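# Structural overview
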Amino acid sequence: MAFTYRGGVLCAEEVSLEDVARQFGTPCYVYSRAAIERAYREYADELAGRPSLVCYSVKANSNLAVLSVMAQLGAGFDIVSGGELARVIAAGGDLAKVVFSGIGKSEIEIRDALQAGVLSINLESEQELARVNGIAIGMGKRAPVAFRVNPDVDAKTHPYISTGLKQSKFGIAYADAERLYREAARLPGIRLTGIGCHIGSLMNDSAPFVAATQRIVALLVRLEQAGIALAHIDLGGGMGIRYKDEAQAPIAAFVHGALDALGQRKEKVLLDPGRSIVGNAGILLTRVEYVKPGEAKNFVVVDAAMNDLLRPALYDAWHEIRQVRETESDGLAGVYDVVGPICESADFLARERKLAPRPGGLLAIMSAGAYGMAMSSNYNTRPRPAEVLVSGGEMHLARRRETTQELLALETIPQW
Ligand code: LLP
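Here the residue index of a chain counts from 1 through its sequence in written order. The predicted origin of the model limits local features to residues at a pLDDT of at least 70 and limits the giving and counting of side-chain atom pairs to 80 or more, whereas totals for whole chains, interfaces and linings rest on all residues. To get the side-chain values, take all heavy atoms of the structure and skip hydrogens and water.

## What about the pairing of strand S20 (residues 386-391)?
For S20, a buried count of five out of six residues is recorded, marking the element as mostly surrounded by other parts of the structure. Looking at chain direction, S20 and strand S21 (residues 394-399) are connected through five bridges and run antiparallel. Note on S21: the bridge partner recorded for Val390 is Met395. A 1.4 Å probe rolled over the protein chains alone gives each residue an accessible area, and that area as a share of the maximum for its type sets the label: buried under 20%, exposed over 50%, partly exposed in between. We count a stretch as a helix when DSSP gives it H or I for four or more residues in a row; a strand needs E for two or more, and each element gets its number in order from the N terminus. Here, a strand pair is defined by DSSP locating no fewer than two bridges between the strands.

What follows is the structure, encoded as structure tokens:
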């Protein structure tokens, strides 16, 4: 386990979170390198013996130190913007293992991706096909592309992160896929390399994932009959993690389910997991500012807020809260909402938790490694937290805390 109590103090691997707070302040994201590596290896081991590539989904946690861990493991990357491409380049990632997803790629992003030599551009519309074809011809290249097909399968997850239904904005319609592949096959700037899908995030059950794979395989067979052979099949990410006590299917269930659905097919299998690699490898460390007992509710006011970790406010997401000191000697035991300093009632990190907090004490918001820092903002002109990567007994400041001066630096006052 990446985060355990040692002598009554919560640690990241062998590093006390009290030491992290002392050295780098709070709020602060803390990641365990060993936990990241372990999760990646689980995928790699399950896929061993068959042509495959795990493309870590950069959007989940795009810190360069995290990306460099992935690059060193030999992972590929799933990116959705020119900014993420720049990050993969800066972290030393292998560009021939990059898939570029997303429904709104700009001309410049497409050009940069082709220049960089990515493995595949995952197309999401007919117009995008035309755009990529045009840009590639202009560059004297053939763009390697896959279509992201919407299999119309319900991922049975939060509606905000469900992407595989007909009414979703993502991908091309299943019914249009064959026609678009035939059309693409005739274009001089296009080289068809694969097919992709991604039905949603935070899937607890592997059945929808397997059902989507079956739908894509059926399409592959039809395309093959039409004379279109593809080199890879990208099944997306979306494997959930346990935040609380959910019945969570293990990674093996997703991978084996997909491999069974693929049977004897020879295409290389791509997966692009994000959360299941970094989610439980990170926490948000925060300090208690005030303990505020109330008539109807008790509050712990901490120095982290919805700008640092948006998931509770946005999805009503549940994150476990642990006291860094397992027992606070002068803590005030009770049931508390853990809230931040932001001027919104949605600014909560947890509700109705049994705690014994004391002002100045430290709390760890668990399972915050994915979509934590990545979705942070500067709302209320709050500098974003520092990020620390721990390995064994060592800590590395992976991103220093922003300063207020830096937040103001891009703005100017007109002189008229
Ligand atoms: N591939 C594609 C095409 C995606 O759109 C996503 C996530 C992934 C892979 C990675 O999914 P994962 O394995 O991390 O579930 N902010 C939300 C999650 C949004 C996911 C967006 N797409 C949250 O905090 O729960």
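## With respect to helix H7 (residues 177-185)
Because the α-helix completes a turn every 3.6 residues, residues three or four places apart line up on one side. Along H7, the positions that sit buried rather than exposed are Ala177, Leu180, Tyr181 and Ala184. Relative to the axis of H7, the buried residues are bounded by an arc of 100° and lie together on one face. Our arc is simply the arc of the directions from the helix axis toward the C-beta atoms.

## Regarding the pairing of strand S1 (residues 3-6)
Bridge count between S1 and strand S2 (residues 9-12): four bridges; the pairing is antiparallel. Its bridge partner being in S2, Phe3 is matched across the sheet by Ala12. A loop of two residues connects S1 with S2, the two strands running antiparallel in sequence, and Gly7 in this loop sits at a positive phi of about 60°.

## Observations concerning the site of the ligand
Distances are taken per atom, and a residue is near a molecule or strand as soon as one of its heavy atoms is within 4 Å of it. Among the 18 residues in the neighbourhood of the ligand, the closest are listed as Ser201, Asp272, Arg311, Tyr315 and Tyr371. Each polar contact in these results corresponds to two N or O atoms within 3.5 Å; when the atoms are within protein, one needs to be able to donate a hydrogen and the other to accept it, and residues that are neighboring in sequence are counted only if both atoms are side-chain atoms. The contact in question runs from an oxygen atom of the ligand to an N or O atom on the side chain of Tyr371, over 2.6 Å. For the ligand, the protein covers 91% of the area, taking 590 Å² as the surface of the free molecule. Where each domain starts and ends follows an automatic or database-derived domain assignment. Each of domain 1 (3-31 + 279-408) and domain 2 (33-275) accounts for three or more of the residues forming the shell around the ligand. A 1.4 Å probe and the Shrake-Rupley method give the accessible areas. Residues count as covered only by the protein chains that appear here.

## A word on the state of the cysteines
Throughout, a disulfide means two cysteine sulfur atoms within 2.5 Å of one another. Counted by the stated rule, this structure contains zero disulfides. Cys28 takes part in no disulfide bond, and the closest cysteine sulfur to it belongs to Cys11, at a distance of 14 Å.

## Focus: the nonpolar core
What is meant by a nonpolar core is a set of buried Ala, Val, Leu, Ile, Met, Phe, Trp, Tyr and Cys residues, joined one to another through side-chain atoms within 4.5 Å. If you look at the biggest cluster of nonpolar residues, it comprises 121 residues, and the most contacted ones within it are Leu17, Phe77, Phe147, Ile195, Ile277 and Leu285. Taken domain by domain, this core gets at least three of its residues from each of domain 1 (3-31 + 279-408) and domain 2 (33-275). Apart from the residues lying within four places of it in its own chain, the contact partners of Leu285 are Leu17, Val20, Ala21, Thr26, Pro27, Cys28, Val30, Val324, Leu362 and Leu363. Counting residues in hydrophobic clusters, the runner-up holds six residues, among them Ile161, Leu202, Tyr243 and Tyr315. Whether two residues are in contact is decided by their heavy atoms, any of which lying within 4.5 Å being enough.

## Looking at the pattern of salt bridges
Should a side-chain nitrogen of Lys or Arg be within 4 Å of a carboxyl oxygen of Asp or Glu, the pair is scored as a salt bridge. Tallying each qualifying case throughout the model produces 23 salt bridges. Between Arg182 and Glu178 there is a salt bridge, with its nearest N and O atoms 3.4 Å apart. One end of the pair, Arg182, and the other, Glu178, are both in helix H7, four residues apart, so they sit about a helical turn from each other. Of the residues examined, Arg182 reaches a relative accessible area of 41% and is grouped as partly exposed. Note that Glu406 is salt-bridged to Arg400, the shortest N-O span being 2.4 Å. Here Arg400 falls in the partly exposed class, since its relative accessible area comes to 46%. Several salt bridges share partner residues, and in doing so they unite Lys297, Asp337, Arg351 and Glu352 into one network.

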